[in-house]
Amino acid sequence: IASFFVYLEPVSGGSGIPEIKCFLNGIDLPRVVRVKTLICKVVGVTFSVAAGLPVGKEGPMVHSGAVVAAGISQGRTKFWGVDTSFSKFSDFRNDREKRDFVACGAAAGVTSAFGAPIGGVLFSLEEGASYWSTKLTWRAFFCAMITLGTLFAVRNFDSLWGQADIDKLFSFGEFNSLSGEASNFSIWELLLFIIIGCLGGLIGAVFNAANEHLTIWRMKHINHSPSRRYIEVIAISIFVTIISFVMPLVWNRCTELPTDMQDWSNQEKNLVEALVPFRCVAGKEYNEVASLIFTDADTAIKQLFHFREAGQDDSSTFSSAALFLFFVPYVFMATIVYGIAIPSGLFVPSLLSGAAFGRLCGHLLHKLDHTSGTFADSGTYALMGAAAVLGGMARMTISLTVILLEATGDMQYVLPLMLTLMAARFTGNVFNEGLYDIHIKLKNIPFLEPEVPTIAERHEIVAGGGIST
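Residues numbered from 1 in each chain as written. Predicted model: local features only at pLDDT ≥ 70, side-chain atom pairs only at ≥ 80, totals over all residues. Heavy atoms only, no water.

### Comments concerning helix α6 (residues 95-114)
Residues three or four positions apart in an α-helix share a direction because the helix packs 3.6 residues into each turn.
Turning to step 1, where the next piece is worked out: The end-to-end C-alpha separation of α6 is 29 Å, in line with the 28 Å expected for 20 residues at 1.5 Å each.
Turning to step 2, where the next piece is worked out: Burial analysis of α6 places 18 of its 20 residues in the buried class, which makes it a mostly covered element.
Turning to step 3, where the next piece is worked out: Just past α6, the residue G115 takes up positive phi, approximately 65°. (Helix = DSSP H or I, 4+ residues; strand = E, 2+ residues; numbered from the N terminus. Expected span 1.5 Å × (residues − 1). Buried < 20%, exposed > 50% of the residue type's maximum accessible area, 1.4 Å probe, protein only.)

### Quick look at the packing of aromatic side chains
Centre-to-centre distance and the angle between the planes together describe a pair of aromatic rings.
Turning to step 1, where the next piece is worked out: With the rule as written, the count across this model stands at 12 aromatic pairs.
Turning to step 2, where the next piece is worked out: Geometrically, the ring pair formed by F245 and F278 is edge-to-face, given 5.6 Å between the ring centres and 80° between the ring planes. Of the two residues, F245 sits in helix α10 (residues 226-251) while F278 sits in the loop between α11 (266-273) and β4 (285-286), which places them 33 residues apart along the sequence.
Turning to step 3, where the next piece is worked out: Overall, F245 belongs to the partly exposed group, its relative accessible area being 44%.
Turning to step 4, where the next piece is worked out: Judged by its relative accessible area of 16%, F278 falls in the buried class.
Turning to step 5, where the next piece is worked out: Three or more aromatic residues link up through ring pairs in this structure, and these residues are F185, F193, Y381 and Y413.
Turning to step 6, where the next piece is worked out: Seen from the ring of F23, R99 lies directly overhead, with NZ or CZ sitting 4.6 Å from the centre.
Turning to step 7, where the next piece is worked out: The ring of W251 has R253 sitting right over it, with the charged end atom 4.2 Å from the ring centre. (Phe/Tyr/Trp six-rings, centres within 6.5 Å; stacked < 30°, edge-to-face > 60°. Lys NZ or Arg CZ within 6 Å of the ring centre and 35° of its normal.)

### Notes on unusual backbone geometry
Turning to step 1, where the next piece is worked out: Even without being glycine, N252 reaches a positive phi, approximately 45°.
Turning to step 2, where the next piece is worked out: For N252, a relative accessible area of 55% gives the class exposed.
Turning to step 3, where the next piece is worked out: With a phi close to 60°, R395 is a non-glycine residue in the positive phi region.
Turning to step 4, where the next piece is worked out: Locating R395 in the fold gives a position in the loop between α16 (378-394) and α17 (398-408).

### Points about the confidence of the model for the chain
Turning to step 1, where the next piece is worked out: Averaged over the chain, the pLDDT score is 85; the fraction of residues at 70 or greater is 87%.
Turning to step 2, where the next piece is worked out: Overall, residues 310-315 carries pLDDT values under 50, and its contacts beyond four positions in sequence, including any with other chains, amount to 14 contacts. (pLDDT = per-residue confidence, 0-100. Contact = heavy atoms within 4.5 Å.)

### Quick look at the side chain of T37
Turning to step 1, where the next piece is worked out: Its place among the elements puts T37 in helix α3 (residues 35-50).
Turning to step 2, where the next piece is worked out: Residue contacts for T37: discarding those within four places in its chain leaves E9, V11, S12, R31, V32 and H63.

Written as structure tokens, this is what we have:
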């Protein structure tokens, strides 16, 4: 069904962030901010996420917010033939104002996806808009504020707008200090976080390179035919379904549910209830790999972030083998799925795979330490791994740091996240560009970079040489 909506409007495929980035660069791509694109995007991503594919809804929400903002700025739509003709909209009916509104819409999209208004504004600044101004700053801030206020109003309607239930907004759960007033990590562990950032940047670079070659193959053999694109979606969906079902079967091991939970928080107890007893005794055992695959991605991320981890003999966690068995096939499936004819984002798949990678690193460190408590808990390493892999894929730094901080609500992770994301960016840039920039170049869109191309600078090429009078 998701592929059918992409068939109706091909521009609605993918995340939409590269297209919005180009639109804000001054390139008028056809039908990018049309109402038809919005409808196909929203309905399509609903079905693609519900299908259990390794995709996220965050990129499409950025695109959807941009389309809504563009429509509001113009006060008319060609799809329905509506034109308000209000004098209030006449001042906005120019390209400059329209692009400013689209930038604000992108910020609103991130705000609605992550509940991170400041991160949304910074995302629009860092990754979206090519041109920024003071006026656009407060406009985007105001738009993000209204978006978050609307989320509070809608999601807390059942309590008649009494005390807000924060859990109803997107978050990574409640992070608490495990040792009183002290931080959950030691200062010397910042070096380990930098190493995880480098590894995450390497994983992101491999992911981007593999997806680039796969996209080139698709452009040559599949994308020119709508029927082939639809068949590819069906085939990959079947493939992902089979792999997702076979992985827990291959694990074929049952782990006892933790019983001594007197000092556990309600959040951790609720996460224990979400564990999946696939081919195990319900209420007593659970399948570790199935608990990561068969639950929704948000819950799986919280499990990786918050389950207790004391070291080698802790039975209330995911083992190293289970994390590895989940991580490798999941990244492989995400690489294949991104680029097929469905609306799809990569934020949540990158966060989930990165969290599994980070927790695997933390678990191995605890095994080396023989549970003596030298290293931070594995949840901290899971958070750094999630940031590293997503940063290695998208090469975002400022906005991603703030988005993750707003989602965790814990300021002790400011410096670790900054170091991890910078290490991921530097390492990834050694090999290739960010995934969004790669897809812009693959689509042959004349994106105007802020720096002069190296070849033009070397040979002193100027625009006048290519212009005839």
